[in-house]
Amino acid sequence: MLAFIVRRLLQSIVVMLVVALIAFSLFNFVGDPINNMVGQEATTEQRAELRERLGLNDPIPVQFLRFVGNAAQGEFGISYRTARPVADLIAERLPATIELAVTSAAFALSLGIVLGVYSALNRYGWTSRFVMTASLIGVSLPTFLIGILLIWIFAVNLQWLPSYGRGEVVDLGGWRTGFLTLSGLQALILPAVTLGLYQLTLIMRLVRAEMLEVLRTDYIKFARARGLSNRAVNFGHALKNTLVPVITITGLQLGSIIAFAIITETVFQWPGVGLLFIIAIRFVDIPVMAAYLILIALFFVIINLIVDLLYYIVDPRLRVETPAARTAA
Amino acid sequence: MSLVLGSGLALASAAQAETLRWASQGDALTLDPHAQNEGPTNTMSLHLHDPLVLRANDMSIEPGLATSWEAVEETVWEFKIREGVTFHDGSDFTAEDVAFSLNRAGTEPSDFRNYISSIEEVEVVDDTTVHIHTSGPNPILPQQLTQISMMSKAWSEENDVETAQDYASGEENFAVRNAMGTGPYKLESREGDVRTVLVRNDDYWGMDDYPMEVERIVYTPISSDSTRVAALLSGELDFVLDPPVQDLERLEEEGDINIEQGEENRTIFLGLNLREEDSEYDNVEGENPMADKRVREAMYHAIDADTIQRVVMRGRSVPTGTIAPPFIDGYPEELDERLAFDQERARELLAEAGYEDGFEITLHCPNDRYINDEAICQAVAGMLGQIDITVDLNSQTRSLHFQDIGNRETGFYLLGWGVPTFDSEYVFNYLYHTDDGQRGSWNATGFSNDRMDELVQQMGTEVDEETRNEMIAEAWEIAQSEVVYIPIHLQVLNWATREGVNVPLRADNQPHMATASFDD
């Protein structure tokens, strides 16, 4: 057990280092930040001096080692754009992204399960056919288009909901939340729907397929034969068994919701880390870009680590040392 | 559900008419007025602070915190300080604050130090008089001071921000998110990249000089073009500084949105690398075709600026024959004439220079910096193709483009240039002077002319207006005759406002809300 955990942790560290290296070497191709940092009046000499002072003239391996050394201590340097500590910028922005991700995950999960169950139980009804067809559209439209479409309908034409921003926020000791104000909740609706739509479709289709599968099994037939009510059979027996894969998928998807919030945040000017990243790219703000990529990689690595460890605990077969088990890990 | 949301928003849109909700693509980078010399940052800082000399909406200069100024000696400017001005915290504004602010803005790491590098010493004569000693005569010091915000000395000392914010320092300073100025607006709240709220300073010295009708400014950066337009259409904004060009016609069709249009302080032009040695950005071995003036003229003749204006810019640009906007001092009106669009003449000139079969060259172009920049380059490539100059287009993001220009790794490139001092000297200094590390930092053409260099250095210190104008005229003469750059057009700026909101247009693209007003 201990050996497995240690090995798994070491693997995670290697993954993080590789991500850091790839992220870092990419930045050699995004251009020179100096022109975005000084006015056009700066002389050639002043530019060269600033480049030297920021260590941009050092060889890439040296810059990389310095970066990893600092990053390991949670120190990501100073944003080239705002000259503020990157760690502070990210800490300020993370609540917005997490609130958006959690809301959209909740939206996708609740509506996804309800619609999935409904369309499985009424698979030949016209509403469930409509839902299934509509879900195909939801999957195939790109996120930014969905976002703009929603803005067009609900903000510009109906004027029900705001088209941008996060509304009023309340500061709860370092965590700024939009959950506690009316304008904050209103501002949350469109981006959360945009971000959650894809996951919703995914969960709905998964629930429907699993549910249909389960409904065909013998124990459901026995349950019906025992004279249990439809309600008890569908929700007590069938749904419960459907949820296991759904929970696994949802856990894994939460990471990607946070990672892919970039587009939604840009469309809605949602002040989260994704928007921070996009603006950083435009200004070649290398420290912010690097820190963001590391952060997202860390999310994925941790989630995968937890999932693996849970499998290990749940499934005794993995504990036997076999070559197959090693590759599975 | 919809009822609740509907009423909530109706409430928001019926907000007090005195609030101005304003958006543009980017946010001020910092509130430290001396840290970064960049458009949105300067705009914000000039609402919170005042400079000694103000630039009015028509770009003329007028008294700000100084009521008058004159050169009392060749190297000494005397500024009379406005009396009875207070900072937002109620403390008095004095000559000491002037000296402090100029010193702060003039030293590293301030981004404004090049503006006022001529200042040697700021001498406080009495409470209302300041003598600014310059290293040599400096005729345009008042113009340069329009960009320098005055801060409170006491406040800066108290909060440990006696020098400007620095990239390499490892920590941010207090002035990044706080401000103490004398300006028409006070800072109410600031959340970088999210929202900045300013409220009117009712004790402002200019309360009677300006409309001052805007009581509250809510500034929100919205980076996505379509979202910015949607927010304006949905009534969530009153003013958009930079509506996307492709949406202008649509916005104009909306009855309750006005588009204000005017010439911007920015020209777009092509730079030609005319160094003698062989350039690696063309297919000609052993020599650089553009070192030959006839080739440069041929390229100029082949470019049809009117077509670019009509087709690429949809009428929203002003073709020009100089690389300087018409409202700057020393603007050479009689020289501002384009070489005629004449493909025959172009081919003749090419043949005379020995390139009857043309040549191939790479054009470096940004694709996210100027209005329709990439499309302009495509048009240019097509036009030069007509005279057998095959253009290989290399268009890339601004950070890579400016890096190439900075490293002098271009043979032929597109550049835009604004003149914040509104004086010809600025253009010569950066674009025509020999590139020597100090001057000529944007002169990637390799152009080097001794007489030009001499003139540029002299006009920096010549106080006699007439002599100086003659120097500027001579320099323009040289610049125009050498065809160092091929001018294309003056960029036009567009500001979108909701009906009933008036924000006077400024060529520097920096709205001044003290002068904005509302229709009743």
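About the cut-offs
In this numbering scheme, every chain counts its residues from 1 along its sequence in written order. Chain letters start at A and ligand numbers start at 1, both assigned in the order the entries are written. With the structure being a predicted model, the display of local features is reserved for residues of pLDDT at least 70 and the display and counting of side-chain atom pairs for 80 or more, all residues being used for whole-chain, interface and lining totals. Hydrogens and water are ignored here; the side-chain numbers use all heavy atoms of the structure. The numbering of helices and of strands both runs from the N terminus, where a helix is a DSSP run of H or I of at least 4 residues and a strand a run of E of at least 2. The globule rule used here is 2.2 Å times the number of residues to the 0.38 power, and the radius of gyration it is set against is calculated over C-alpha atoms. Accessibility here uses a 1.4 Å probe with only protein chains present; expressed as a share of the type maximum, an area under 20% marks a residue as buried, one over 50% as exposed, and anything in between as partly exposed. For helices, the fitted line uses only the C-alpha atoms of the stretch in contact; every axis is such a line through C-alpha atoms, and the angle between N-to-C directions lies from 0 to 180 degrees. Oblique is the label for any angle not covered by the other classes, which are roughly parallel (under 35 degrees), roughly antiparallel (over 145) and roughly perpendicular (65 to 115). Note on convention: the crossing is left-handed when the near helix lies turned anticlockwise from the far helix by less than a right angle, right-handed when the turn is clockwise. Two residues form a contact once any of their heavy atoms are found within 4.5 Å. Amino acids outside the nonpolar list (Ala, Val, Leu, Ile, Met, Phe, Trp, Tyr, Cys, Pro) and the charged list (Asp, Glu, Lys, Arg) are all regarded as polar, and Gly is one of them. Using a 1.4 Å probe, buried area is obtained as the accessible area two parts lose upon being combined, added over both of them. Any carboxyl oxygen of Asp or Glu that lies within 4 Å of a side-chain nitrogen of Lys or Arg is treated as forming a salt bridge with it. Points on a 1 Å grid, built from protein atoms alone, make a cavity when a 1.4 Å probe fits but cannot get out and make a pocket when they are open with protein on both sides within 12 Å along at least 5 of 7 lines; residues with an atom within 4 Å of a point are the lining residues. Grid points are joined across faces, edges and corners, and a volume is the space filled by probe spheres set on the points. Definition of nonpolar core: a set of buried residues of the types Ala, Val, Leu, Ile, Met, Phe, Trp, Tyr and Cys, connected through side-chain atoms within 4.5 Å. Strands were regarded as paired on the criterion that DSSP finds at least two bridges between them. The disulfide criterion used throughout: a pair of cysteine sulfur atoms within 2.5 Å. Under the counting rule used here, the positive set is Lys and Arg, the negative set is Asp and Glu, and His together with the chain ends is not counted. Here a polar contact is taken to be a pair of N or O atoms separated by no more than 3.5 Å, where protein atoms must pair a possible hydrogen donor with a possible acceptor and residues adjacent in sequence count only if both atoms sit in side chains. Taken from the helix axis, the directions to the C-beta atoms give the arc we talk about. Think of it this way: a Phe, Tyr or Trp ring, Trp meaning its six-membered ring, pairs with another when their centres are within 6.5 Å, and the plane angle makes it stacked under 30 degrees, edge-to-face over 60, tilted otherwise. The quantity called pLDDT is the predictor's confidence in a given residue, expressed from 0 to 100.

Trainee: Which residues make up the overall build of chain B, and what values do they have?
Mentor: Helix and strand content of chain B: 15 helices and 19 strands. Relative to its length of 520 residues, chain B is compact, with a C-alpha radius of gyration of 25 Å against a globular reference of 24 Å. With respect to the principal axes defined by its C-alpha atoms, chain B has extents near 70 × 70 × 45 Å. For chain B, the proportion of its 520 residues judged to be buried stands at 60%.

Trainee: Can you tell me about the packing of helix H7 (residues 143-157) of chain A against helix H10 (residues 230-267) of chain A, naming the residues and giving the values?
Mentor: All names here are of chain A. Interhelical geometry of H7 versus H10 gives an angle of 30° and a closest axis separation of 9 Å. The orientation of H7 relative to H10 falls into the category roughly parallel. Where H7 crosses over H10, the handedness of that crossing is right-handed. Contacts from Thr143, Phe144, Gly147, Ile148 and Ile151 of H7 reach H10 at Ile263, Thr264 and Val267. In terms of residue class, the contact of H7 with H10 is built from five nonpolar, three polar and no charged.

Trainee: Could you give an account of the interface of chain B and chain A, with specific residues and numbers?
Mentor: On the side of chain A, 57 residues touch chain B, which itself brings 60 residues to the contact. Between chain B and chain A, a total of about 5,100 Å² is buried, with carbon and sulfur atoms accounting for 49% of that surface. The partner of Asp193 of chain B in a salt bridge is Arg81 of chain A, and the shortest N-O contact between them spans 2.4 Å. A total of six residues in the side of chain B that touches chain A trace back to one element, the largest contributor, which is helix H1 (residues 2-13) of chain B. Across the side of chain B that touches chain A, the residue classes tally to 23 nonpolar, 22 polar and 15 charged.

Trainee: Go over empty space enclosed by the protein with me, naming the residues and quoting the values.
Mentor: A full pass over the atoms with the stated rule returns eight cavities of 30 Å³ or more. Put simply, the largest cavity is a space of about 220 Å³. The wall of the largest cavity is formed by 20 residues, among which Val38 and Leu50 of chain A together with Pro109, Asp111 and Arg113 of chain B lie closest to the centre. Considering every element that reaches the lining of the largest cavity, the biggest residue donor is helix H3 (residues 44-53) of chain A, with five residues. Among the residues making up the lining of the largest cavity, the classes are represented as eight nonpolar, five polar and seven charged.

Trainee: Any details on the nonpolar core? Residues and values, ideally.
Mentor: With 75 residues, the main nonpolar core has Ile308, Val380, Leu384, Phe412, Phe428, Leu431 and Tyr432 of chain B as its most contacted residues. Considering each element in turn, this core owes the most residues, seven residues, to helix H11 (residues 373-385) of chain B. Apart from the residues lying within four places of it in its own chain, the contact partners of Tyr432 of chain B are Ile323, Val427, Asn443, Phe447, Met452, Asp453, Trp476, Ala479, Val484 and Tyr485 of chain B. Counting residues in each nonpolar core, the second largest holds 51 residues, with Met16, Phe64, Leu100 and Tyr292 of chain A among its members.

Trainee: So what about the sheet that holds strand E7 (residues 129-134) of chain B? Which residues, and what values?
Mentor: Residues and elements named next belong to chain B. What the four strands build is an open sheet, ordered E4-E5-E7-E6; its pairing is antiparallel. Each edge of the sheet is formed by a strand with only one pairing partner; in this case those strands are strand E4 (66-73) and strand E6 (119-126). If you compare each strand with its neighbour and ignore which way they point, the axes differ by 20° on average. Relative to E7, strand E5 (residues 76-81) runs antiparallel, the two sharing five bridges. Within E7, the residue paired with Glu78 across the bridge is His131. Here helix H3 (residues 95-106) sits on the sheet and contacts E5, E6 and E7; the angle it forms with E6, its principal contact strand, is near 170°.

Trainee: Which residues make up the state of the cysteines, and what values go with them?
Mentor: All names here are of chain B. Under the criterion given, the structure shown has one disulfide over all chains. The disulfide bridge from Cys365 ends at Cys377, spanning 2.1 Å between sulfur atoms. Its torsion about the S-S bond being 90°, the disulfide of Cys365 and Cys377 is classed as right-handed. With Cys365 in strand E14 (residues 360-366) and Cys377 in helix H11, this pair connects stretches of sequence that are twelve residues apart. Cys377 matches Cys365 in its accessibility class, with the two residues each being buried.

Trainee: I'd love a proper account of the side chain of Arg55 of chain B, names of residues and values included.
Mentor: Residues and elements named next belong to chain B. Position of Arg55 among the secondary structure elements: in strand E2 (residues 53-55). The charged side chain of Arg55 is buried without a salt bridge, its nearest counter-charge being Asp508 at 5.7 Å. Among the polar contacts listed, one links the side chain of Arg55 to the backbone oxygen of Met59, at a separation of 2.8 Å. With sequence-adjacent residues up to four places away left out, Arg55 is seen in contact with Ser60, Ile61, Gln143, Thr146, Pro420, Thr421, Phe422 and Arg506.

Trainee: I'd love a proper account of helix H9 (residues 305-312) of chain B, names of residues and values included.
Mentor: All names here are of chain B. All of the buried residues along H9 are Ala305, Ile308 and Val312. Projected down its long axis, H9 shows its buried positions confined to an angular sector of 65°, all on one face. Turned more than 90 degrees off the buried face of H9, the exposed positions are Arg310 and Val311. Where H9 is buried, its residues contact strand E13 (317-319), H11 and strand E17 (485-498).

Trainee: If you had to explain the packing of aromatic side chains to someone new, which residues and values would you point to?
Mentor: Residue and element names in this part refer to chain B. Under the definition given, this model contains 28 aromatic pairs over all chains. With a centroid separation of 6.0 Å and 40° between ring planes, the pair formed by Phe327 and Phe422 is classed as tilted. Placement of the pair is Phe327 in the loop between E13 and helix H10 (343-352) and Phe422 in the loop between strand E16 (412-417) and helix H13 (424-432), with a sequence separation of 95 residues. Exposure remark for Phe422: the relative accessible area of 3% places this residue in the buried category. Look at Phe428 and Tyr432: their rings are 5.8 Å apart centre to centre, the planes differ by 50°, and that puts the pair in the tilted class. One end of the pair is Phe428 and the other is Tyr432, both in helix H13 and four residues apart, which spans about a single turn.

Trainee: Requested: an account of the pattern of salt bridges, with residues and values cited.
Mentor: Going through the model one piece at a time under the given rule, you end up with 35 salt bridges over all chains. Of the charged contacts in the structure, one is a salt bridge between Arg216 of chain A and Glu213 of chain A, with a shortest N-O distance of 3.3 Å. Overall, Glu213 of chain A belongs to the partly exposed group, its relative accessible area being 47%. In the salt-bridge network here, residues are joined through shared partners; they are Arg84 and Glu92 of chain A together with Glu172 and Arg177 of chain B.

Trainee: Mind laying out the confidence of the model for chain B, listing which residues take part and the relevant values?
Mentor: Residue and element names in this part refer to chain B. In the predicted model, chain B carries a mean pLDDT of 92, and the fraction of residues at 70 or more is 97%. Low pLDDT (under 50) marks residues 1-16, which in the prediction has 15 contacts with non-local residues, meaning those over four places away or in another chain. Predicted as a complex, the structure gets a pTM of 0.88 and an ipTM equal to 0.86.

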